[in-house]
Amino acid sequence: MKPSSDSLKSLIIGVAGDLFAIPVHVVCDILDLLPVTGVPTARPFVNGLINVRGRVVPLMDLGMKIGLTGAITTPDSRFVVIEQEIDGEETLVALRADKVHEVAEFELVMSEEIPRIGMRCRSEFIRAVGRRQGRFVMVLDLERVFASD
């Protein structure tokens, strides 16, 4: 484990009781919940498709994808639309978040060898760990989230 003095400006979201950071440069939109069209053959972490300003966008249950519980709809739930390269193509994807907290810049305290012990989610999806207002914030490795099955 190597301490890092890097900082990162990110959108901080809540998923299954944990805080996760998404780099702000990939965030396109934050939406209230929209109608979802189910896709019968989709993987369990794909909730379906949503319409974002006339574009069909897949909706991912981020918690389920990274090994946490599936999303529970609350008044604070939001869809976070990001643009991510998937299979060499820039793609819009919506992530279901239990809550969108804020855009913040925080210091990374760990950027290598994320420990598996104590992690509720699958550690291979975490690029770094930071600290914000006394709580740990896990920085998602979006390439790995979208590269794996």
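What counts and how
Residues numbered from 1 in each chain as written. Predicted model: local features only at pLDDT ≥ 70, side-chain atom pairs only at ≥ 80, totals over all residues. Heavy atoms only, no water. Helix = DSSP H or I, 4+ residues; strand = E, 2+ residues; numbered from the N terminus. Contact = heavy atoms within 4.5 Å. Pairing = 2+ DSSP bridges. Salt bridge = Lys/Arg side-chain N within 4 Å of Asp/Glu carboxyl O. Buried < 20%, exposed > 50% of the residue type's maximum accessible area, 1.4 Å probe, protein only. Core = buried A, V, L, I, M, F, W, Y, C linked by side-chain atoms within 4.5 Å. Axes fitted to C-alpha atoms, helices over the stretch in contact; angles between N-to-C directions. Patch = residues over 30% accessible without salt bridge, like charges linked within 9 Å, V, L, I, M, F, W, Y side chains within 5 Å. Areas by Shrake-Rupley, 256 points an atom, 1.4 Å probe, with all protein chains shown as cover. Lys, Arg positive; Asp, Glu negative; His and termini not counted. Charge placed at Lys NZ, Arg CZ, Asp CG, Glu CD. Phe/Tyr/Trp six-rings, centres within 6.5 Å; stacked < 30°, edge-to-face > 60°. Lys NZ or Arg CZ within 6 Å of the ring centre and 35° of its normal.

J.: Describe the side chain of Gln84, listing the residues and the values that go with them.
T.: Inspection of the secondary structure puts Gln84 in strand 6 (residues 78–86). With residues up to four places along the chain from it excluded, the contact list for Gln84 reads Glu89, Glu90, Thr91, Leu142, Glu143 and Phe146.

J.: Describe the pairing of strand 4 (residues 46–52), listing the residues and the values that go with them.
T.: Across six bridges, strand 4 lies against strand 5 (residues 55–61) in antiparallel orientation. Paired with Ile50 across the strands is Val57, a residue of strand 5. From the end of strand 4 to the start of strand 5, which pair antiparallel, there are two residues, and Arg53 there has a positive phi angle of about 50°.

J.: Please give an account of the pattern of salt bridges that cites residues and values.
T.: Opposite charge on two side chains allows them to pair when their charged atoms are near. Summed over the entire model, instances satisfying the criterion amount to four salt bridges. For Asp32, the salt bridge goes to Arg78, with nearest N and O atoms at 3.1 Å. Remark: Arg78 occurs in strand 6 and Asp32 occurs in the loop between strand 3 (27–31) and strand 4; sequence separation between them is 46 residues. The partner of Asp141 in a salt bridge is Arg144, with the nearest N and O atoms 3.8 Å apart. Taking the relative accessible area as the measure of exposure, Asp141 reaches 14% and is therefore buried.

J.: Can you lay out the nonpolar core for me, pointing to particular residues and giving the numbers?
T.: One finds Ile13, Phe20, Ile22, Leu62 and Ile82 to be the most contacted residues of the largest nonpolar core, which totals 25 residues. Of all elements in the fold, only strand 1 (7–15), strand 2 (18–23), strand 6, strand 7 (89–97), strand 9 (126–132), strand 10 (135–140) and helix 2 (142–147) reach the threshold of two or more residues within this core. Sequence-distant contacts of Ile82, defined by excluding residues within four places in its chain, comprise Ile22, Val26, Val27, Cys28, Thr91, Leu92, Val93, Leu95, Leu142 and Phe146.

J.: Run through the sheet that holds strand 7, naming residues and quoting values.
T.: One open sheet accounts for five strands, arranged 3-6-7-5-4; its pairing is mixed. Where the open sheet ends on each side, the last strands, each with one partner, are strand 3 and strand 4. On average, each strand axis in the sheet is tilted by 35° relative to the strand beside it, whichever way the strands run.

J.: A description of a negative patch on the surface should follow, citing residues and the corresponding values.
T.: A contiguous patch of negative charge on the surface is contributed by Glu83, Glu85, Asp87, Glu89, Glu90 and Glu143. Elements supplying a minimum of two residues to the negative patch: strand 6 and strand 7. Judged by its relative accessible area of 48%, Glu85 falls in the partly exposed class.

J.: Give me the lowdown on the packing of aromatic side chains, citing residues and values where you can.
T.: Counting across every chain of the model gives zero aromatic pairs. Sitting over the face of the ring of Phe45, Lys65 holds its NZ or CZ atom 4.4 Å from the ring centroid. Across the ring face of Phe136, the terminal group of Arg131 is positioned such that the distance to the ring centre comes to 4.4 Å.

J.: How would you summarise the pairing of strand 5 if you had to cite specific residues and measurements?
T.: Pairing between strand 5 and strand 7: three bridges, direction parallel. For Asp61, the partnering residue across the bridge sits in strand 7 and is Arg96.

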